Amino acid sequence: MSSQPEFGQQLPEPGVPVIRNVNWGGLRTLYIKEVRRFFKVQLQTVWAPAVTTLLFLVIFTVALGGGGRMVTLQHREIHFAEFIAPGLIVMGMLQNAFANASFSLLVGKIQGTIVDYLMPPLSTTEVLAALCGGAVTRAFCVGGTVWLAMAIWGVNVWPQHLWAVLWFGFLGSLFLSLMGVLTSIWAEKFDHAAAVTNFVVAPLALLSGTFYSVERLAPTFQAISHANPFFYIISGFRYGFLGVADSPILVGSLVILGLDVLLGFVCYALLRRGWKIKN
């Protein structure tokens, strides 16, 4: 038999790589798979978080009599609802980015389908990019839905600096996506991932200045807040809507960007090694 394929093209020798740079087709396929996975149950993964976040806004502005309350931020009086709205939006984004990224590899390990991530001709960087890309996409879907719900509710959520909203939304979502990937690599059952959510992600999100101005705290608690990376995400995201922030925007941007790079290298090293995945 002839070694020539049907269309007359020479087949590569065994062991010779066909994809020499970036496997864009495979990367796109895995990314679409991650997006379709959460979009098939969008009532649970997108709309339910939006309703939950909106309930937080209703409770703090109506049930607690916050409709006429004002918050002083950088010597500027801001309506309480307008103050907490950006924090609630980005908090929903962060929590859902983590939930999406922490599920992919973990469910594969539990169900025995992890081979679907290991066998395709994808590099470690491409797998990590697709997992984080799907999580960031879900985060922005949730954020956009929450923003729309708050606008319909009557809260002024029109951005003053759209670049800051997109930039800090992306940095924060990527940060939680990488944390989710790291958790899914380490976790062996859903209880492990839930423990990280309940004892790490949720406390850091709630104690980051979402519902209060950090500058009103005592110096000791201000220092503790400044050690919380979520604080810089929420402060920068809030700046995009209000034009004022609790911390310098450049400092916050560099802190979160540095943490993203560090977490990215850690996740890459563990995925490449196959720690708790190939063993």
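Cut-offs and rules
- Residues numbered from 1 in each chain as written.
- Predicted model: local features only at pLDDT ≥ 70, side-chain atom pairs only at ≥ 80, totals over all residues.
- Heavy atoms only, no water.
- Helix = DSSP H or I, 4+ residues; strand = E, 2+ residues; numbered from the N terminus.
- Buried < 20%, exposed > 50% of the residue type's maximum accessible area, 1.4 Å probe, protein only.
- Contact = heavy atoms within 4.5 Å.
- Core = buried A, V, L, I, M, F, W, Y, C linked by side-chain atoms within 4.5 Å.
- Patch = residues over 30% accessible without salt bridge, like charges linked within 9 Å, V, L, I, M, F, W, Y side chains within 5 Å.
- Areas by Shrake-Rupley, 256 points an atom, 1.4 Å probe, with all protein chains shown as cover.
- Salt bridge = Lys/Arg side-chain N within 4 Å of Asp/Glu carboxyl O.
- Expected span 1.5 Å × (residues − 1).
- Axes fitted to C-alpha atoms, helices over the stretch in contact; angles between N-to-C directions.
- Parallel < 35°, antiparallel > 145°, perpendicular 65-115°, else oblique.
- Left-handed = near helix turned anticlockwise from the far one by under 90°.

**Thoughts on the overall build of the protein**
Part 1 of the reasoning: Helix and strand counts for the protein stand at 10 helices and 2 strands.
Part 2 of the reasoning: Element order for the protein, N to C, with α for helix and β for strand: α-α-β-β-α-α-α-α-α-α-α-α.
Part 3 of the reasoning: Counting only C-alpha atoms and orienting by the principal axes, one finds that the protein spans roughly 85 × 40 × 35 Å.
Part 4 of the reasoning: The buried share of the protein, taken over its 279 residues, is 46%.
Part 5 of the reasoning: Taking contacts inside the protein between residues at least 6 apart in sequence as the whole, the part at least 24 apart equals 79%.

**Some thoughts on the nonpolar core**
Part 1 of the reasoning: The biggest cluster of nonpolar side chains holds 72 residues, and the ones touching the most others in it are Leu57, Leu105, Met150, Leu176, Val181 and Phe237.
Part 2 of the reasoning: Here this core takes 15 residues from helix 3 (residues 80–111), the largest share from any one element.

**What to know about a nonpolar patch on the surface**
Part 1 of the reasoning: Residues Phe140, Leu162, Trp163, Leu166, Trp167, Phe170, Leu257, Val261 and Phe265 make up a contiguous nonpolar surface patch of about 870 Å² in total accessible area.
Part 2 of the reasoning: At the level of elements, helix 6 (162–186) and helix 10 (249–273) are the ones that each hand at least two residues to the nonpolar patch.
Part 3 of the reasoning: If one sorts the elements of the nonpolar patch by residue count, helix 6 sits on top with 5 residues.
Part 4 of the reasoning: Mapped onto the elements, Leu166 comes out in helix 6.

**Side note on helix 5 (residues 124–153)**
Part 1 of the reasoning: Between its first and last C-alpha atoms helix 5 spans 44 Å; for 30 residues at 1.5 Å apiece the expected length is 44 Å, and the two agree.
Part 2 of the reasoning: Gly154 occupies a position one or two residues after helix 5 and carries a positive phi of about 110 degrees.

**As for the packing of helix 9 (residues 229–242) against helix 10**
The description of two helices packed together rests on the angle between their axes and the distance between the axes.
Part 1 of the reasoning: In the contact formed by helix 9 and helix 10, the axes pass within 9 Å of each other and the chain directions differ by 130 degrees. On the basis of their axis angle, the class for helix 9 and helix 10 is oblique. Of the two elements, helix 9 crosses helix 10, and the hand of that crossing is left-handed. Note on element contacts: helix 10 touches helix 9 through Ile249, Val251, Gly252, Val255, Ile256 and Leu259, opposite Pro229, Tyr232, Ile233, Ser235, Gly236 and Tyr239.

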